[in-house]
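Next come the chains, spelled out residue by residue.
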Amino acid sequence: MFALVDCDNCYVSVERVFNPALEGRPVVVLSNNDGCAVARSAEAKALGITEGMPLFKIEQQFGDKVVCLSSNYSLIADMSSRVMSILRKAVPEIEVYSIDEAFLILDGMEVDYKQWGEALARKVKQWTGMPVSIGIAPTRTLAKMASRYAKKYPGYNKCCVIDTEEKAEKAMRLFPIEDVWGIGRRSKEKLEYYGI
């Protein structure tokens, strides 16, 4: 089994750890030279701010409703290192996938995956202030899918486990094909044409 641990809205969450007044507000973290949005809080996404939206458009359309911050790559890297350190101690093997994601290899672990995942998410939040979503499944692709469900639906309590064929089929049926890891929007029309 694999667990995919994903830091929720990583760049924004890092800023909120050090400035709790940003909690619940629309926040955008900008690219190098503050050109465009590279990270958005859920509140900013709800306003309609898209990834890559230029700063001048954000300012024109939303003014003071949105907090726009420069990227602080040193701080983000430091927080990522703290999160990855906690994850390394939780499992025998880890594969860091990106600055805000890691696959944990759960082979040989005799645990209730749901309880274990929820406890790990709580620990990361308590020790670092960073919210994470965890997806657990028999393949990396399904684990990434499960982490998306854990992030999107509060009822999962930060951890979604896909551990049966029935759960896998239901998860795949409900998941947009263009959001499947490795597929993308370009293949969507072709795949849908063939009924996939």
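Residues numbered from 1 in each chain as written. Predicted model: local features only at pLDDT ≥ 70, side-chain atom pairs only at ≥ 80, totals over all residues. Heavy atoms only, no water.

Draft legend 1. Broad picture of the packing of helix α4 (residues 73-90) against helix α5 (residues 113-128). Packing of α4 against α5 brings their axes to within 10 Å, and their N-to-C directions diverge by 145°. Crossing hand, α4 versus α5: right-handed. Residue-level contacts link M79, R82, V83, I86, L87 and A90 of α4 to W116, L120, K123, V124, W127 and T128 of α5. (Axes fitted to C-alpha atoms, helices over the stretch in contact; angles between N-to-C directions. Helix = DSSP H or I, 4+ residues; strand = E, 2+ residues; numbered from the N terminus. Left-handed = near helix turned anticlockwise from the far one by under 90°. Contact = heavy atoms within 4.5 Å.)

Draft legend 2. Looking closely at helix α6 (residues 140-152). Between its first and last C-alpha atoms α6 spans 18 Å; for 13 residues at 1.5 Å apiece the expected length is 18 Å, and the two agree. Those residues of α6 that sit buried are L142, A143, K144, M145, A146, S147, Y149 and A150. Close packing links the buried residues of α6 with β1 (2-7), β5 (93-98), β6 (101-105), β7 (132-137), β8 (159-161) and α7 (165-174). (Expected span 1.5 Å × (residues − 1). Buried < 20%, exposed > 50% of the residue type's maximum accessible area, 1.4 Å probe, protein only.)

Draft legend 3. The arrangement of the sheet that holds strand β4 (residues 67-70) in detail. The three strands are arranged β3-β2-β4 in an open sheet whose pairing can be described as mixed. Among the strands making up the open sheet, the edge pair consists of β3 (37-40) and β4. For this sheet, the mean angle separating the axes of adjacent strands, direction not counted, is 30°. When strand β2 (residues 27-30) meets β4, the two strands line up parallel, connected through four bridges. The partner of L30 across the bridge, within β4, is S70. Seen against the sheet, helix α1 (residues 10-18) touches β2, β3 and β4 and runs at an angle of roughly 110° to β2. (Pairing = 2+ DSSP bridges.)

Draft legend 4. Focus on the pairing of β2. Burial along β2 is two-sided: V27 and V29 facing one way and V28 and L30 facing the other are all buried. What sits between the antiparallel neighbours β2 and β3 is a turn of six residues, in which N33 has the positive phi angle 60°.

Draft legend 5. The arrangement of the nonpolar core in detail. With 27 residues, the main nonpolar core has L87, L104, W116 and I134 as its most contacted residues. Looking at this core, the elements that each hand over two or more residues are β1, α1, α4, β6, α5, β7 and β8. When residues no more than four places from it in sequence are discounted, the contact partners of L104 are M1, F2, A3, V5, L87, V91, E93, I94, W116 and L120. Within the second largest apolar cluster, 16 residues are counted, among which are I105, A137, A150 and A171. (Core = buried A, V, L, I, M, F, W, Y, C linked by side-chain atoms within 4.5 Å.)

Draft legend 6. Structural context of the packing of aromatic side chains. As enumerated under the stated definition, the model contains three aromatic pairs in all. Both rings, one in Y97 and one in F103, keep their centres 5.8 Å apart while their planes meet at 70°; by these two values the pair is edge-to-face. Taking relative accessible area as the criterion, F103 reaches 2% and is therefore assigned buried. Arranged with centres 6.1 Å apart and planes meeting at 25°, the rings of Y149 and Y153 form a pair that is stacked. Cation over ring: R140 sits above F103, and NZ or CZ is 5.8 Å from the ring centre. (Phe/Tyr/Trp six-rings, centres within 6.5 Å; stacked < 30°, edge-to-face > 60°. Lys NZ or Arg CZ within 6 Å of the ring centre and 35° of its normal.)

Draft legend 7. Representation of the side chain of R40. With respect to the secondary-structure elements, R40 resides in strand β3. One buried charged residue, R40, remains without a salt bridge, the closest side chain of opposite sign being E51 at 4.2 Å. Among the polar contacts made by the side chain of R40, one reaches the main-chain carbonyl oxygen of I49 at a distance of 2.9 Å. Contacts of R40, omitting those with residues within four sequence positions, involve N9, V12, V27, V28, K45, I49, T50 and E51. (Lys, Arg positive; Asp, Glu negative; His and termini not counted. Salt bridge = Lys/Arg side-chain N within 4 Å of Asp/Glu carboxyl O. Polar contact = N/O pair within 3.5 Å; in protein donor to acceptor, adjacent residues only side chain to side chain.)

Draft legend 8. Layout of the pattern of salt bridges. One pass over the full model with this rule turns up nine salt bridges. Linking E23 and R16 is a salt bridge whose minimum nitrogen-to-oxygen distance equals 3.8 Å. Residue R140 is joined to E95 by a salt bridge in which the shortest nitrogen-to-oxygen separation is 2.8 Å. Of this pair, R140 sits in helix α6 while E95 sits in strand β5; the two residues are 45 residues apart in sequence, bridging distant segments of the chain. For E95, a relative accessible area of 28% puts it in the partly exposed group. It is possible to trace a salt-bridge network through shared partners that takes in R16, E23 and E43.

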